[in-house]
Amino acid sequence: MPFDQLFAFATFAYVASATPGPNNILLTAVGGAGGIRGGLPVLLGIVFGFSAMVFLLAFGLGRTVFTMDAVLDTIRYGGLAVLAWLAWKIATAPVAQADEPVPDLGRRGSFLGAALFQWVNPKAWIVAAGAITSFLQPDLPVLAQATTLAAVFILAGAFGCLPWLAFGAVVKRFLRDPLHARLFNVAMALLLVISMLLVIFGG
């Protein structure tokens, strides 16, 4: 991949990773619950899970999947249902009293859970589709290009998503009050719903 195209793709990957969406809302919620250390498995799961998704789609599945409207609609609305369930779980998650430890993050705090989450995240599919259709060159080796796209997304995703996790960790000390924690969880759930609706229906 030529340097100018690689730079353009790196910029695309960073902007896609840093802008609001289900992944970053989830990271903020997890950072607020467990801090940066507690949220690192989620961050790494998002980064490597999405990069693996891009690699697999670019290497063999993308050209077929992205031409099938029925498949894409199933992914969008299936993802919408899963994200709505996740928003409910965030809004109703237990909150700690001032003198209690932070509640266990459960599946939301796992590397594997965050990695698998990418396959039901509508924004992840839209970004992957944009990356593959815009930057994959038919006259160049597919394996090398798929590997490059995935590797760039690992770096760009880490730098783009980390500030959201850090923000959640910063406000963590203000969430020791159960009321504040509940309001924060509800706000994160609402933002998650809004972000996914904008992704699915906004363009």
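The rules behind these values
Residues numbered from 1 in each chain as written. Predicted model: local features only at pLDDT ≥ 70, side-chain atom pairs only at ≥ 80, totals over all residues. Heavy atoms only, no water. Helix = DSSP H or I, 4+ residues; strand = E, 2+ residues; numbered from the N terminus. Buried < 20%, exposed > 50% of the residue type's maximum accessible area, 1.4 Å probe, protein only. Contact = heavy atoms within 4.5 Å. Axes fitted to C-alpha atoms, helices over the stretch in contact; angles between N-to-C directions. Left-handed = near helix turned anticlockwise from the far one by under 90°. Nonpolar A, V, L, I, M, F, W, Y, C, P; charged D, E, K, R; others polar. Parallel < 35°, antiparallel > 145°, perpendicular 65-115°, else oblique. Core = buried A, V, L, I, M, F, W, Y, C linked by side-chain atoms within 4.5 Å. Expected span 1.5 Å × (residues − 1). Polar contact = N/O pair within 3.5 Å; in protein donor to acceptor, adjacent residues only side chain to side chain. Arc of directions from axis to C-beta. pLDDT = per-residue confidence, 0-100. Patch = residues over 30% accessible without salt bridge, like charges linked within 9 Å, V, L, I, M, F, W, Y side chains within 5 Å. Areas by Shrake-Rupley, 256 points an atom, 1.4 Å probe, with all protein chains shown as cover. Salt bridge = Lys/Arg side-chain N within 4 Å of Asp/Glu carboxyl O.

## Re the overall build of the protein chain
So, step 1. Of the regular secondary structure elements, the protein chain holds seven helices and zero strands.
So, step 2. Secondary structure elements in the protein chain, listed N-terminal to C-terminal, are α-α-α-α-α-α-α.
So, step 3. Evaluated residue by residue, the protein chain yields a buried proportion of 44% over its 203 residues.
So, step 4. Long-range contacts, defined as pairs at least 24 residues apart, comprise 85% of the intrachain contacts of the protein chain with a sequence gap of at least 6.

## Observations concerning the packing of helix 1 (residues 3-18) against helix 6 (residues 142-171)
So, step 1. At a closest axis distance of 8 Å, the pairing of helix 1 and helix 6 adopts a crossing angle of 40°. Relative to helix 6, helix 1 is oriented so that their crossing is right-handed. Contacts from L6, F9, A10, F12, A13, Y14, S17 and A18 in helix 1 reach T148, L149, V152, F153, A156, G157, F159, G160, C161 and W164 in helix 6.
So, step 2. Across the contact of helix 1 with helix 6, the residue classes break down as 14 nonpolar, four polar and no charged.

## Focus on the packing of helix 1 against helix 5 (residues 122-135)
So, step 1. Relative orientation of the contacting elements helix 1 and helix 5 amounts to 170°, with a least axis distance of 11 Å. Between helix 1 and helix 5, the angle is such that the two are roughly antiparallel. Counting all contacts with helix 1, which are made through Q5, A8, F9, F12 and A16, the residues of helix 5 involved are K123, V127, G130, A131 and F135.
So, step 2. Of the residues that constitute the contact of helix 1 with helix 5, the class distribution is seven nonpolar, two polar and one charged.

## Structural notes on the nonpolar core
In summary, soluble globular proteins display a tendency toward joint burial of nonpolar side chains.
So, step 1. By size, the foremost hydrophobic cluster in this structure holds 21 residues, and its most contacted members are F9, F50, L149 and F153.
So, step 2. Those elements that place two or more of their residues in this core are helix 1, helix 2 (22-65), helix 5 and helix 6.
So, step 3. At seven residues, the largest contribution of residues to this core is made by helix 5.
So, step 4. If we ignore the near neighbours within four places in the chain, the residues touching F9 are A131, F135, L149, V152 and F153.
So, step 5. I46, A91, F184 and M188 belong to the second-largest nonpolar core, a separate cluster that totals 20 residues.

## Observations concerning helix 5
So, step 1. The terminal C-alpha atoms of helix 5, which comprises 14 residues, lie 20 Å apart, in line with the 20 Å expected from a rise of 1.5 Å per residue.
So, step 2. Of all the 14 residues making up helix 5, ten are buried; the element is thus mostly covered by neighbouring parts of the structure.
So, step 3. Buried residues of helix 5: P122, K123, A124, W125, V127, A128, A129, A131, I132 and F135, and no others.
So, step 4. N-cap assignment for helix 5: the residue whose side-chain oxygen lies 3.0 Å from the backbone N of K123 is N121.

## Let's talk about the side chain of Q118
So, step 1. Along the chain, Q118 turns up in the loop between helix 4 (111-117) and helix 5.
So, step 2. We classify Q118 as buried; its relative accessible area is 0%.
So, step 3. Only 2.9 Å separates the side chain of Q118 from the side chain of N23, close enough to count as a polar contact.

## What about helix 1?
So, step 1. With 16 residues, helix 1 should cover 22 Å at 1.5 Å per step; its first-to-last C-alpha distance of 22 Å lies within 8% of that length.
So, step 2. Of all the positions in helix 1, only Q5, F9, A13, A16 and S17 are classed as buried. Each buried residue of helix 1 lies within a common arc of 100° when the element is viewed along its axis, so the set occupies one face. Summarising the geometry of helix 1, the exposed residues directed more than 90 degrees from the buried face are F3, D4 and F7.

## Examining the confidence of the model for the protein chain
So, step 1. Looking at the protein chain, pLDDT values average 79 and 76% of them are 70 or higher.
So, step 2. Confidence, expressed as mean pLDDT per element, reaches its minimum in the protein chain at helix 3 (residues 69-91) with 70 and its maximum at helix 6 with 91.
So, step 3. Across residues 97-105, where pLDDT falls below 50, the model places 18 contacts with residues more than four positions away in sequence or in other chains.

## Quick word on a nonpolar patch on the surface
So, step 1. Side chains of L44, F48, L56, F111, L112, L116 and W119 sit close together on the surface and give an oily, nonpolar patch of about 660 Å² of accessible area.
So, step 2. Secondary-structure elements contributing two or more residues to the nonpolar patch are helix 2 and helix 4.
So, step 3. Topologically, L44 is positioned in helix 2.

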